[in-house]
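# Chains, contacts and geometry: an overview
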Amino acid sequence: MARERDDDAASLGRFFQVLSSLGVPACLVPGRTDAPERLFLQAACNAEIVAARIYNVHRSFAPLGGNWIAAGFGGEITEEERDHDFFLRYPGWEAQFSLEFLRHLDQDRILVFHTPPADELLGRPTGGHQIVGHILKTYSPRIAFCASPGGRRGKLTLGNTLVVFPGRLAEGDYAIVDTKERMVAFGDLR
């Protein structure tokens with residue numbers, strides 16, 4: 001188990017090095033498999049100190065300049081299950097409670113989630129959770145980024161929120177959003 005944790009720490013270190021080498025600001029949250037939580041948070045904190053352009057916004061926020069902030073909640077959002085050691089799973093109430101601070105911020109918001117909104121909001125299978133849709137409806141961010149099953153790329157509009165599914169960075173996928181025009185361009189680093 002200790003060897004596996006060392007391998008996980010080395011993988012996270014490489015991930016943050018590659019992210020830093022891109023030379024662009026990056027706001028991120030952990031994914032479902034970025035466990036154990038303590039290891040991810042420690043690596044993210046180290047990256048934030050070393051690379052001024054990396055921001056871990058899991059349960060937190062980062063000012064982005066102008067009138068913009070980014071905030072988010074990572075891991076898989078579940079009904080009641082919680083796991084911080086083997087997978088990152090959090091009950092929906094915890095995601096909602098963790099982002100309550102957004103009520104006190106007036107800036108334009110970009111929200112970042114690992115879990116997408118629930119199926120009934122999108123009209124197609126997503127494997128998401130209804131609390132994400134509730135959070136989007138409550139705080140009405142201008143833009144939200146979410147993972148999607150199978151790593152599909154795409155976009156849709158929910159209320160006033162442009163929801164972007166950038167694909168999997170591990171496969172070279174990314175998305176660039178023009179915040180003024182709310183236009184999305186998808187790219188591939190491969």
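A brief report on the enclosed structure follows. These figures come from a predicted structure and were not determined experimentally.

## Brief notes about the pattern of salt bridges
- Under the criterion given, the structure shown has 10 salt bridges.
- Across the salt bridge formed by R59 and E94, the nearest N and O atoms sit 2.4 Å from each other. Residue R59 is located in the loop between strand 2 (54-56) and strand 3 (61-65), and its partner E94 is located in helix 3 (residues 92-98); the two are separated by 35 residues in the primary sequence.
- Since its relative accessible area comes to 6%, E94 is described here as buried.
- The salt bridge partner of D188 is R190, with a shortest N-O separation of 2.8 Å.
- Since its relative accessible area comes to 39%, D188 is described here as partly exposed.
- Overlapping salt bridges bring together R32, E76, E81 and R89 as one network.

## Digging into unusual backbone geometry
- The linkage connecting A35 with the following residue, P36, adopts the cis geometry, with an omega of 0°.
- The backbone of R59 sits at a positive phi, close to 65°, despite the residue not being glycine.
- The backbone of R182 sits at a positive phi, close to 55°, despite the residue not being glycine.
- One can find R182 in the loop between strand 11 (173-178) and strand 12 (183-188).

## Some details on the packing of aromatic side chains
- For the coordinates displayed, the defined rule picks out four aromatic pairs.
- Judged by centre distance (5.0 Å) and plane angle (70°), the rings of F15 and F16 are edge-to-face.
- Among the residues examined, F15 registers a relative accessible area of 33% and is labelled partly exposed.
- Between the aromatic rings of F61 and F101, the centroid separation amounts to 5.7 Å while the plane-to-plane angle is 35°, which identifies the pairing as tilted.

## Describing the pairing of strand 11
- Of the two faces of strand 11, the one lined by D173, A175 and V177 is fully buried and the one lined by Y174, I176 and D178 carries no buried residue.
- Looking at chain direction, strand 11 and strand 12 are connected through six bridges and run antiparallel. Along strand 12, the bridge assignment pairs I176 with A185.
- In textbook terms, the turn of a hairpin is the stretch between consecutive antiparallel strands, and for strand 11 and strand 12 this stretch comprises four residues, one of which, R182, has a positive phi near 55°.

## Focus: the sheet that holds strand 8 (residues 143-145)
- If you walk across this open sheet you meet the six strands as 3-4-7-8-10-9, and the pairing is mixed. Each end of this open sheet is capped by a strand with a single partner; those strands are strand 3 and strand 9 (153-158). This sheet shows a mean twist of 20° between the axes of neighbouring strands, independent of strand direction.
- Strand direction decides the pairing type here: strand 9 and strand 10 (residues 161-166), joined by six bridges, are antiparallel. Note that in strand 10 the partner of G154 across the bridge is F165.
- Contacts between helix 5 (residues 130-139) and the sheet are confined to strand 7 (108-113), strand 8, strand 9 and strand 10, with strand 7 contributing the most and set at about 175° to the helix.

## Let's talk about the state of the cysteines
- Taken as a whole and judged by the stated rule, the model has zero disulfides.
- For the unlinked cysteine C45, the closest cysteine sulfur is that of C27, found at 15 Å.
- Of the residues examined, C45 reaches a relative accessible area of 41% and is grouped as partly exposed.
- Here C146 is not disulfide-linked; the sulfur of C27 is the nearest cysteine sulfur, at 14 Å.
- Judged by relative accessible area, which is 4%, C146 ranks as buried.

What counts and how
- Residues numbered from 1 in each chain as written.
- Predicted model: local features only at pLDDT ≥ 70, side-chain atom pairs only at ≥ 80, totals over all residues.
- Heavy atoms only, no water.
- Salt bridge = Lys/Arg side-chain N within 4 Å of Asp/Glu carboxyl O.
- Helix = DSSP H or I, 4+ residues; strand = E, 2+ residues; numbered from the N terminus.
- Buried < 20%, exposed > 50% of the residue type's maximum accessible area, 1.4 Å probe, protein only.
- Phe/Tyr/Trp six-rings, centres within 6.5 Å; stacked < 30°, edge-to-face > 60°.
- Pairing = 2+ DSSP bridges.
- Axes fitted to C-alpha atoms, helices over the stretch in contact; angles between N-to-C directions.
- Contact = heavy atoms within 4.5 Å.
- Disulfide = S-S within 2.5 Å.

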